[in-house]
Amino acid sequence: MDSVELHRHASPVEWNARHTSVGDIEALLVDGAMRQLRYRGVEVVRGFDCPIRDRNWATETPAVVEETFYEASDGVIYTRRFTAFNGALLANLAINVQPERVVATLALDAHRRVETNRAGFTLLHPIQGVAGTDLTIQHSNGTEEQSRFPETISPGQPAFDIVGLKHVIDGVSVSVRFSGEVFEMEDQRNWTDASYKTYCRPLGLGFPYVIEAGETVEQSIEITLSEVGARRPASVASSHAVAILPEIAIAVEPNWYSDTARKALADLPDARRLLRLDATSENALAGLAELTDPVELELLIDDAGDGAGSLQALAKTLRDHGIEVQSVTALPQAYLHSYQPTAEWPDGHSIADAANWARSAFPNAQIGIGMLTNFTEFNRHPPPAGIGDFTTYSTTAIVHAGDDLSVFETLEALRHVHKSARVISRERPLRLGLATIGMRSNPYGAAVADNPDMARIAMAKEDPRQQTVFGAAFAVGAYAAAAGSGCARIALAGAGGPFATGRIQNGSFRAWPVHHVLRALAGLSGQTGTVMPNLPGGVIGVSGEKAGKVSAVIANCSVAPTRITSPGQRGALMDGKTDVADPDWLDHAEWRALDHVLLPPAAVVFVNEGGAQ
């Protein structure tokens, strides 16, 4: 059976959580992690886990898992026993949930020598009610430091040498004690995670590091909670007016250009063609002979070679092929890697050099400056002022976690990312590169994670959700975050390859759900629009001012069914059971009244106030 058929009727969301409630504490237990820890209804900890990462920062998939859950005299106790590194590391985790306290312990026993970049507890702090608030840091020498959670995204670690943290969220006092290792904090919004993360061990100690055979690593986290003040009033949702909705781009690479790519591009005539090329290659345009559309270029140049010459040569080749170049962002290849804020960026050509050479080689094109990887690198190496007509970076949702809830949570962080980027960009417009679930390249290791089984894992290029309605819902959320932040352009998929919008089957193009989202959003782009207010939690929508086939697109970007009420409107529902393989599905979809509709997780609704045209 073709993979399209397999995914069409598969559940779009994988979510197996166990709800735990003791006294005023409630939380979810999901595959050994505690998620959404709440005290009297306030989320005080986004989650904690004990991920095991290899030397490329890929997360080891736990094996030989044994779990228990039972009631004790002082609450409930959850235990989990698993192995990593093909049995070389045995982990024993225990979580004790009490009425006002949670205690977690971890023991890692090495049966063989292992190399790891991280093996131990990580604790995630939420953004809501935390960003910009006071924080007390307890250090290993017994001293305390008064600090704050960063408001603008910090490029480096905002806190070091941590054995304890104290702060207040919405009237709830949160005290955390760590033992077994010295911890530090990073602003995970850098990687679009919706959290701040306190982790071990300190990056300054170097990585990878070794756990020797016979060694045991022991750690614990103790979280104590109490009410110390009144709850703040519930916020009232408001409209986010947008001057102009962002343009849609579709990413293209020579090795993605196939029959699938040609069909996808033909169905998206108004989408910008964001073409990435290696300017040093003598056959940079190999396989692209039929591409005659205007393009926006992302170019890689040598770190120390004749960058100016290679760009001049490529410009001539493009002219000879009759390809119009609308914009150029050039970058030395070394800048595809990430460097710690305290480290030196590589010698050789700079991003300013590359931008100036691009200006000379392509005098009629707009020049971009920034990064071709993630906001992380953009934030750690801000583009110099006064250079470039626009700034750019890309995003991926699975740097640190691959589960469905974490992926949807990144949509919350994207608003913070783009807000911080606009501060860095100053007066220059922001045009986003590829913003997807999967990871296009790995700036933090040698390669992306292998994913032959198409599992939901971190740092993989191939992600199964690209083919499902989940990927379509994520694209709606990413577009809304870009629109609400005033971004001028965003690429939500590729014309082919791992980020495609469909595939060729038996000679015909079979669309994936994201294909229909891109077509609808491309129809809205360029209009005055709005990120829709007053939608239920987890539901995200964007609407344009002009009535057309589709006037708005709404997605349930959560793992729970959610009811929406839109009197007087009609819509076409796309969920995990909808057959949308026909690339023209939206032209003949069933339109229904939206007076009272239950949206399944990851479902998408295409809205038209008067129904189908």
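The shown structure was predicted, so the numbers you read here are calculated from the model rather than taken from an experiment. (Residues numbered from 1 in each chain as written. Predicted model: local features only at pLDDT ≥ 70, side-chain atom pairs only at ≥ 80, totals over all residues. Heavy atoms only, no water.)

With respect to the sheet that holds strand S12 (residues 122-125)
Backbone hydrogen bonds are what pair the strands of a sheet, in a parallel or an antiparallel way.
Line of reasoning, step 1. Here 8 strands make up an open sheet; going across it, the order is S1-S2-S3-S4-S12-S19-S18-S15 and the pairing antiparallel. Each edge of the open sheet is held by one strand with a lone partner, namely strand S1 (18-22) and strand S15 (159-162). Within this sheet the neighbouring strands show an average axis-to-axis angle of 20°, counted without direction.
Line of reasoning, step 2. The pairing of strand S18 (residues 183-187) with strand S19 (residues 196-199) spans 4 bridges and is classified as antiparallel. Bridge assignment links Met185 to a residue of S19, and that residue is Thr198.
Line of reasoning, step 3. Each of strand S3 (33-39) and strand S4 (42-49) touches helix H6 (residues 404-425); the most contacted strand, S3, lies at about 50° to it. (Pairing = 2+ DSSP bridges. Helix = DSSP H or I, 4+ residues; strand = E, 2+ residues; numbered from the N terminus. Axes fitted to C-alpha atoms, helices over the stretch in contact; angles between N-to-C directions. Contact = heavy atoms within 4.5 Å.)

Looking at the sheet that holds strand S25 (residues 295-301)
Line of reasoning, step 1. One closed barrel accounts for 8 strands, arranged S23-S24-S25-S26-S27-S28-S29-S30; its pairing is parallel. The sheet shows a mean angle of 25° between the axes of neighbouring strands, direction not considered.
Line of reasoning, step 2. Helix H3 (residues 307-320) rests against strand S24 (272-278), S25 and strand S26 (325-332) of the sheet, and its axis sits at about 150° to S25.

Here we look at the pattern of salt bridges
Line of reasoning, step 1. On inspection of all chains with the given rule, the structure shows 33 salt bridges.
Line of reasoning, step 2. Of the charged contacts in the structure, one is a salt bridge between Asp389 and Arg359, with a shortest N-O distance of 2.9 Å. Of this pair, Asp389 sits in the loop between helix H5 (375-380) and strand S28 (390-396) while Arg359 sits in helix H4 (residues 351-361), placing them 30 residues apart in sequence.
Line of reasoning, step 3. One connected set of salt bridges, linked through shared partners, spans Arg35, Glu43, Arg46, Asp403, Glu409 and Glu412. (Salt bridge = Lys/Arg side-chain N within 4 Å of Asp/Glu carboxyl O.)

Concerning the pairing of strand S30 (residues 489-494)
Line of reasoning, step 1. Of all the 6 residues making up S30, 6 are buried; the element is thus mostly covered by neighbouring parts of the structure.
Line of reasoning, step 2. Examined bridge by bridge, strand S23 (residues 247-252) and S30 share 4 bridges and lie parallel to one another. Opposite Ala251, over in S30, you have Gly494 as the bridge partner.
Line of reasoning, step 3. Between the parallel pair strand S29 (residues 431-436) and S30, the chain is carried across by helix H7 (residues 469-484), and the sense of this crossover is right-handed. (Buried < 20%, exposed > 50% of the residue type's maximum accessible area, 1.4 Å probe, protein only. Right-handed = clockwise from strand over helix to strand, strands pointing away.)

Here we look at the packing of aromatic side chains
Line of reasoning, step 1. Under the criterion given, the structure shown has 13 aromatic pairs.
Line of reasoning, step 2. Pairing Trp57 with Phe207 gives two aromatic rings, centres 5.1 Å apart and planes at 70°, and the pair type is edge-to-face. Here Trp57, found in the loop between strand S5 (52-53) and strand S6 (63-72), pairs with Phe207, found in the loop between S19 and strand S20 (209-211); they are 150 residues apart in sequence, far enough to count as distant.
Line of reasoning, step 3. The partly exposed category is assigned to Phe207, whose relative accessible area is 36%.
Line of reasoning, step 4. With centroids separated by 5.4 Å and ring planes inclined at 65°, the aromatic side chains of Phe375 and Tyr393 adopt a geometry described as edge-to-face. Placement of the pair is Phe375 in helix H5 and Tyr393 in strand S28, with a sequence separation of 18 residues.
Line of reasoning, step 5. With a relative accessible area of 1%, Phe375 lands in the buried category.
Line of reasoning, step 6. Assessed through its relative accessible area of 0%, Tyr393 is described here as buried.
Line of reasoning, step 7. Taken together through their ring pairs, the aromatic side chains of Tyr335, Tyr339 and Trp345 make up a single cluster.
Line of reasoning, step 8. Here the guanidinium or amino end of Lys197 rests over the ring plane of Tyr199, the centre of that ring lying 5.9 Å away.
Line of reasoning, step 9. Taking the ring centre of Tyr209 as reference, the NZ or CZ of Arg201 above it sits at 3.9 Å. (Phe/Tyr/Trp six-rings, centres within 6.5 Å; stacked < 30°, edge-to-face > 60°. Lys NZ or Arg CZ within 6 Å of the ring centre and 35° of its normal.)

Observations concerning helix H8 (residues 513-524)
Line of reasoning, step 1. If you check H8, its first and last C-alpha atoms are 17 Å apart, about what 12 residues at 1.5 Å a residue would give, namely 16 Å.
Line of reasoning, step 2. In terms of burial, H8 is a largely internal element, 10 of the 12 residues being buried.
Line of reasoning, step 3. Downstream of H8 by a residue or two, Gly526 has a phi angle that is positive, lying close to 90°. (Expected span 1.5 Å × (residues − 1).)

Description of the pairing of strand S7 (residues 75-84)
Line of reasoning, step 1. Counting buried residues in S7 gives 8 out of 10 residues, a clear majority hidden from the surface.
Line of reasoning, step 2. Hairpin connection between S6 and S7: a loop of 2 residues separates the two successive antiparallel strands.
Line of reasoning, step 3. For S7 and strand S8 (residues 89-98), the ladder comprises 9 bridges, and the chain directions are antiparallel. Within the sheet, the bridge partner assigned to Arg80 lies in S8 and is Leu93.
Line of reasoning, step 4. Counting the residues that bridge the hairpin from S7 to S8 gives 4 residues, and of these Phe85 lies at a positive phi of roughly 55°.

Side note on the state of the cysteines
Line of reasoning, step 1. Counted under the stated rule, the structure contains 0 disulfides.
Line of reasoning, step 2. A disulfide-free cysteine, Cys50 has its sulfur positioned 10 Å from the sulfur of Cys200, the nearest such atom.
Line of reasoning, step 3. Cysteine Cys487 remains unbridged, with the sulfur of Cys557 as its closest cysteine sulfur at 17 Å.
Line of reasoning, step 4. In this structure Cys487 comes out as buried when scored by relative accessible area, which is 1%. (Disulfide = S-S within 2.5 Å.)

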